[in-house]
Amino acid sequence: MYICVCNAISDRQIRETVDQGAASLFEVQMRLPVAACCGRCEDSAREVIESHIESANRPAAA
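Predicted, not measured: the structure shown is a model, and the values here were computed from it. (Residues numbered from 1 in each chain as written. Predicted model: local features only at pLDDT ≥ 70, side-chain atom pairs only at ≥ 80, totals over all residues. Heavy atoms only, no water.)

1. Considerations on the pattern of salt bridges
Move 1: For the structure on display, the rule yields 2 salt bridges.
Move 2: The residue Arg15 makes a salt bridge to Asp11 at a minimum N-O spacing of 2.8 Å. Here Arg15 and its partner Asp11 are both found in helix α1 (residues 11-19), 4 residues apart, which amounts to about one turn of the helix.
Move 3: Look at Arg15 and you get partly exposed, because its relative accessible area is 29%.
Move 4: Of the residues examined, Asp11 reaches a relative accessible area of 15% and is grouped as buried.
Move 5: Notably, a salt bridge pairs Arg46 with Glu42, separated by 2.7 Å at the nearest N-O pair. On the criterion of helical spacing, the pair formed by Arg46 and Glu42 is a turn pair, its members being 4 residues apart in helix α3 (residues 42-57).
Move 6: Accessibility expressed as a relative area gives 35% for Arg46, which makes it partly exposed. (Salt bridge = Lys/Arg side-chain N within 4 Å of Asp/Glu carboxyl O. Helix = DSSP H or I, 4+ residues; strand = E, 2+ residues; numbered from the N terminus. Buried < 20%, exposed > 50% of the residue type's maximum accessible area, 1.4 Å probe, protein only.)

This is how it looks when you write it as structure tokens:
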């Protein structure tokens, strides 16, 4: 799903960037131009980042 329509940035791209080490919106923005135009997607981008970090930190079910 597109998170940033202005720059055609998807939630998948944001999650991949987090997987590569980005841990905040600022760090994601260093690699992707998300929330760099109108800013409407900033909250959604933060949610994707935080959600992905949380899911990565959950222990796997045995």
